[in-house]
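Below, each chain spelled out in residue letters.
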Amino acid sequence: MKVILNKDVNHLGEEGDVKIVANGYARNYLFPRSLALPYTPEVVAIFEGRKAEIEARKAAKREAAKSDKEKLEALALSITVPASAGGKLYGAVSAQTVIDLLAKEGFEFERKRIEIPGNAIKQTGAYKVSVKLYENAVAEVHIEVKGQVDESKKEPERKPRAEKKVEEKPAESAEAPAEEKAEEAAN
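Residues numbered from 1 in each chain as written. Predicted model: local features only at pLDDT ≥ 70, side-chain atom pairs only at ≥ 80, totals over all residues. Heavy atoms only, no water.

Q: How do you make sense of unusual backbone geometry when you look at a structure like this?
A: Glycine aside, the phi torsion of most residues is negative, and most peptide linkages are trans. Non-glycine residue serine 34 carries a positive phi angle of around 60 degrees. Structurally, the position occupied by serine 34 is in the loop between α1 (23-30) and β3 (36-38). Residue serine 34 is classed as partly exposed on the basis of its relative accessible area, which comes to 38%. If you check the backbone angles, asparagine 119 has positive phi at about 70 degrees while not being a glycine. Relative to the helices and strands, asparagine 119 is located in the loop between β6 (114-115) and β7 (121-123). Taking relative accessible area as the criterion, asparagine 119 reaches 69% and is therefore assigned exposed. (Helix = DSSP H or I, 4+ residues; strand = E, 2+ residues; numbered from the N terminus. Buried < 20%, exposed > 50% of the residue type's maximum accessible area, 1.4 Å probe, protein only.)

In structure tokens form, the structure reads like this:
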């Protein structure tokens, strides 16, 4: 079914785009939520009248994305998390953690727009995280993950084991149980 998008729809298109979608997707999802309208001559005429307005909004989004990209790439974030002495984190730095860091800097993004190499950071060090902006604009944010060694979780130093002294038992004690077993067997 051919539709015209009334609003931006993730993984489908932007406002004013003409798309061909499955009938059920259009009837059950797009139309009830006013995300799209059926492709008819009347609807095409309405969108032709709004074309300049739609293009102005798209241009504003592109400019905002370019501005955000410059700000994000100039930004260097740092986070301190509990870690072992070897640098392995107790837990992980996830996309939600990155969103919280960016929120402190005044940026608001959806979690699905954040791409972390390997889906989560599990070691201390410097990392680059990708943030998808508008259209093909992607910003690289530098994050420094520092480890905080918790003394209560620190492994105790291992001391070399002392050799155990083995006491030798008298030979008589070894023979005594054998004699007792023989007597029990006779009974």
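Q: Teacher, can you tell me more about the pattern of salt bridges here?
A: Side-chain pairs of opposite charge can arise whenever the charged atoms involved come near each other. Overall, the coordinates contain 8 salt bridges when judged by the stated rule. In this structure, glutamate 15 and arginine 50 form a salt bridge, with 2.6 Å as the shortest nitrogen-oxygen distance. One end of the pair, glutamate 15, is in the loop between β1 (2-5) and β2 (18-20); the other, arginine 50, is in the loop between α2 (41-49) and α3 (51-74), with 35 residues separating them in the sequence. Looking at glutamate 15, the relative accessible area reads 9%, which means it is buried. (Salt bridge = Lys/Arg side-chain N within 4 Å of Asp/Glu carboxyl O.)

Q: Even after reading the chapter, I still don't get the sheet that holds β1, so can you show me in this structure?
A: Backbone-to-backbone hydrogen bonds pair the strands of a sheet. The strands run either parallel or antiparallel. Reading across from one edge, β2-β1-β3 is the order of the 3 strands in this open sheet, with antiparallel pairing throughout. The strands lining the two open edges of the sheet, one partner per strand, are β2 and β3. Going across the sheet, the axis of each strand differs from the next one's by a mean of 40 degrees, ignoring polarity. Pairing between β1 and β3: 3 bridges, direction antiparallel. Note that in β3 the partner of isoleucine 4 across the bridge is leucine 37. Contacting β1 and β3, α2 runs over the sheet at an angle of about 25 degrees to β1. (Pairing = 2+ DSSP bridges. Axes fitted to C-alpha atoms, helices over the stretch in contact; angles between N-to-C directions. Contact = heavy atoms within 4.5 Å.)

Worth remembering: the numbers are spatial, not functional.
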